[in-house]
Amino acid sequence: MDKKDFFDSEDNKTFNLLKRIHIESGENTKIYKKIIISSLITWFPLLILSFIEGNALNNSITIPFLFDYAAYVKFLITLPLFFICEKLVKHLTSESIFYFIKSGIISDNNISEYEILINKYHKFLNSGRIEFGILAFSVVYLIIRELFFKNLGIESSWKNNQMSDYTIAGYWYIFVSFPVTQFILFRMLWKFFIWVWLLWKVSMMKLNLLYTNPDKAGGLNFLGPTQLAFGILGFAQSASFSSQIATKVIYGGFSLRNFELSIVLVIPLISVLYLLPLCFFTKNLIKLKVNGLYEFGILAHKYGYLFENKWIRKSEFNQSAEEYEKDSLLGSGDIQSLADIGSSFERIMDMRLVPFSFTTFIVMILLITMPFLPLATLIIPLPEILKILIGFLV
C-alpha cells in the first residue's frame, strides 16, 4: 500500500480543474494562490460593482458594501479558512490512516481488509460524481434560500435597489460568490462525513490496542489532533454565524440578548459534532480497560505475593550473615519492579474511554467560542474591555 497512490491521486475532477489553472499542485499546494483567486472571484467583483453602482460608501442606504461585516467575514475570513482546513485535514487524515498500520494497531492479518476499506474511502473522497452532486446540492440550496428565505433577516442594501430588485453586485453575489462559498463548505462537510464513516468502519475491526500504552487511550490518542483540524472548519462556521448576528444587532435593531440562547447552543453543538466520531472507539476502550484491570491485576497480585513472601514474611533471624547480605534490599531490582508494576496499573486505571484528551476538548471549545468574543464590543465599548483585560493582567 503506497501512501503516494492514496493521497496524490489525480482522478478528482476538481483537482484537475484547479491544477490546470495552477491553483493545485499535489502536496505542494500553495494555499495563498487559492485564497487570492477565490477572493478575486467572490469579494473583489462585489467591491468593484458596488463602487460602480455607488453602493460602496453610500450613506443613504442601510448597509453600504464596505460596512457589510458579513461579506468581509464570509469571503475574506471564512473562505480562506476552508482552504487552510482542507490542507491540514488532508495531511492529518493521511498520517492517521498510515499510523494505524505503522503502529501495529491494524495487525498483519487485517491489512487486506484495511486496504479495501481505504480504497473505498479514497474512491468516495475523489468521486467526480459526488462532487457534481455537491455542486447540484449547492444550487438547490440557493434556489430554496431565494424562494423561501429571501425576506428573512437583514438583506444588505448594496444588494438591492429601490424596487427591491437585485443590483448587479447583488446578482454576482447570488449567482457566483455565494454558490462558490457554499460549494466549498459542503465539500468540506462531505470530507468530514466520509472520515466519520472511515472511523466507524475501523472501530469495528479487530484492533491491537494496548492498555499499557502511555497515551492513556490504548494507542488511539493520535486521532485527537486530526479532529482538531476539523475544528478550523467549526471556527469558520462560528465566524460566519457571529458576523450575521453582528449585522442584525448593528443594522437591524436587534439586541444581542436575542441571540444568547443561539450562541450558547451553537458552541457545544459544533464542538460535539467534530469530536463525537471518536466515541466510536469507546466500546473498544471500555473492553480494553476492563480486560487490562483483570489481566494486569492478576499479574500484579502474583508479583506482590512473591515479593511479600521473599522480603516481608521470610524469617531473617534464621539466615546466616552471608545469606542476609545476599538477599538484602539494597541493590535489589525487586523494589523497582514492584514500583513499575504499580505505575503500569495506575496507567490502566487512568485510561480514558475516549481517544482524546481533556486539553483537546478545551482547545476545540475555544476554537468554536473565539469568533463570538468580538460581539462583546456591541455591549461594552472596546476601551472598557481593554481596561478590564489590563486589570486582570496587572
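Residues numbered from 1 in each chain as written. Predicted model: local features only at pLDDT ≥ 70, side-chain atom pairs only at ≥ 80, totals over all residues. Heavy atoms only, no water.

Q: Explain the overall build of the chain to me, using residue names and the numbers behind them.
A: A count of helical and extended segments in the chain gives 15 helices and zero strands. Taking all 394 residues of the chain together, the buried fraction comes to 43%. Taking the contacts inside the chain whose residues are at least 6 apart along the sequence as the reference set, 81% of them involve residues at least 24 apart. Of the roughly 22,200 Å² of accessible surface on the chain, 65% is carried by carbon and sulfur atoms. (Helix = DSSP H or I, 4+ residues; strand = E, 2+ residues; numbered from the N terminus. Buried < 20%, exposed > 50% of the residue type's maximum accessible area, 1.4 Å probe, protein only. Contact = heavy atoms within 4.5 Å. Areas by Shrake-Rupley, 256 points an atom, 1.4 Å probe, with all protein chains shown as cover.)

Q: So what's going on with the packing of helix 4 (residues 44-53) against helix 8 (residues 168-203)? Which residues, and what values?
A: Between helix 4 and helix 8, whose axes approach to 8 Å, the crossing angle comes to 165°. What the angle tells us is that helix 4 and helix 8 run roughly antiparallel. Classified by chirality, the crossing of helix 8 by helix 4 is right-handed. Facing Pro45, Leu46, Leu49, Ser50 and Glu53 of helix 4, the residues of helix 8 in contact are Ile168, Ala169, Trp172, Tyr173 and Ser177. Of the residues that constitute the contact of helix 4 with helix 8, the class distribution is seven nonpolar, two polar and one charged. (Axes fitted to C-alpha atoms, helices over the stretch in contact; angles between N-to-C directions. Parallel < 35°, antiparallel > 145°, perpendicular 65-115°, else oblique. Left-handed = near helix turned anticlockwise from the far one by under 90°. Nonpolar A, V, L, I, M, F, W, Y, C, P; charged D, E, K, R; others polar.)

Q: Run through the confidence of the model for the chain, naming residues and quoting values.
A: Confidence in the prediction for the chain averages 82 pLDDT; 80% of positions are at 70 or higher. Taken together, the stretch residues 6-11 has pLDDT below 50 and engages in 19 contacts with residues farther than four places along the chain or on a different chain. Confidence over residues 17-28 falls short of pLDDT 50; this stretch has 20 contacts with residues more than four positions distant or in other chains. (pLDDT = per-residue confidence, 0-100.)

Q: Describe helix 9 (residues 223-251), naming the residues involved and giving the relevant values.
A: If you check helix 9, its first and last C-alpha atoms are 43 Å apart, about what 29 residues at 1.5 Å a residue would give, namely 42 Å. Of all 29 residues in helix 9, 21 are buried; the element is thus mostly enclosed. Positioned one or two residues after helix 9, Gly253 has a phi angle of 80°, which is positive. (Expected span 1.5 Å × (residues − 1).)

Q: Talk me through the environment of Glu86; I want residue IDs and the actual numbers.
A: Here Glu86 shows up in helix 5 (residues 69-102). Put simply, Glu86 and Phe192 are 106 residues apart on the chain and 9.9 Å apart in space, counted from C-alpha to C-alpha. Not counting residues within four places of it along the chain, the set of residues in contact with Glu86 comprises Lys34, Arg187, Met188 and Lys191. Here Arg187 takes part through its side chain, which lies 2.6 Å from a polar atom of the side chain of Glu86. There is a polar contact of 2.7 Å between the side chain of Glu86 and the side chain of Lys191. (Polar contact = N/O pair within 3.5 Å; in protein donor to acceptor, adjacent residues only side chain to side chain.)

Q: Got a sec to walk through a nonpolar patch on the surface? Specific residues and values, please.
A: A surface patch of nonpolar side chains, about 700 Å² in accessible area, is lined by Phe51, Leu57, Phe67, Tyr69, Ile250, Leu378, Ile379 and Ile380. With respect to the helices, strands and loops of the structure, Phe51 is situated in helix 4. Taking the relative accessible area as the measure of exposure, Phe51 reaches 46% and is therefore partly exposed. (Patch = residues over 30% accessible without salt bridge, like charges linked within 9 Å, V, L, I, M, F, W, Y side chains within 5 Å. Salt bridge = Lys/Arg side-chain N within 4 Å of Asp/Glu carboxyl O.)

Q: An account of helix 4 is needed here, citing residue identities and associated values.
A: Within helix 4, the full set of buried residues consists of Pro45, Leu46, Leu47, Leu49 and Ser50. Buried-residue contacts for helix 4 involve helix 3 (31-42), helix 5 and helix 8. One or two positions beyond helix 4, positive phi appears at Gly54, with a value near 80°.

Q: Explain the packing of aromatic side chains to me, and be specific about the residues and the numbers.
A: Applying the stated criterion to the full structure yields 24 aromatic pairs. Relative to Tyr274, the ring of Phe192 has its centre 4.9 Å away and its plane inclined at 70°; by these criteria the two rings are edge-to-face. Placement of the pair is Phe192 in helix 8 and Tyr274 in helix 10 (residues 260-275), with a sequence separation of 82 residues. The ring centre of Tyr173 lies 3.9 Å from the NZ or CZ of Lys159, which sits over that ring. (Phe/Tyr/Trp six-rings, centres within 6.5 Å; stacked < 30°, edge-to-face > 60°. Lys NZ or Arg CZ within 6 Å of the ring centre and 35° of its normal.)

Q: Tell me about the nonpolar core, and please be specific about residues and values.
A: Ranked by size, the top nonpolar core spans 68 residues in total, and within it Phe100, Leu220 and Leu223 carry the most contacts. Elements represented by at least two residues in this core include exactly helix 5, helix 6 (111-125), helix 8, helix 9, helix 10, helix 11 (282-311), helix 13 (334-349) and helix 14 (358-369). The contacts of Leu223, once residues within four sequence positions are left out, are Ser96, Phe100, Trp195, Leu199, Leu278 and Phe281. Counting 14 residues, the second largest nonpolar core, distinct from the first, contains Leu47, Ala71, Phe75 and Phe178. (Core = buried A, V, L, I, M, F, W, Y, C linked by side-chain atoms within 4.5 Å.)

Q: Explain the environment of Trp195 to me, using residue names and the numbers behind them.
A: Considering the arrangement of structural elements, one finds Trp195 in helix 8. Considering only alpha carbons, one finds Trp195 and Tyr121, 74 residues apart in sequence, at a separation of 7.9 Å. Here Gln227 takes part through its side chain, which lies 2.7 Å from a polar atom of the side chain of Trp195.

Q: I'd like a description of unusual backbone geometry, backed by residues and values.
A: A positive phi angle, near 60°, is found at Lys216, a position not held by glycine. Within the secondary structure, Lys216 is located in the loop between helix 8 and helix 9. Here Lys216 falls in the partly exposed class, since its relative accessible area comes to 33%.

Q: Just give me the short version of the pattern of salt bridges, but keep the residues and values in it.
A: For the structure on display, the rule yields five salt bridges. The salt bridge involving Lys34 is made with Glu86; its shortest N-O contact spans 3.4 Å. Of this pair, Lys34 sits in helix 3 while Glu86 sits in helix 5; the two residues are 52 residues apart in sequence, bridging distant segments of the chain. Overall, the relative accessible area of 8% leaves Lys34 in the buried class. In this structure, Arg257 engages Glu260 in a salt bridge whose closest nitrogen and oxygen atoms are separated by 3.2 Å. You can call Arg257 exposed: its relative accessible area is 60%. Here the residues in one salt-bridge network are Lys34, Glu86, Glu131, Arg187 and Lys191, joined through shared partners.

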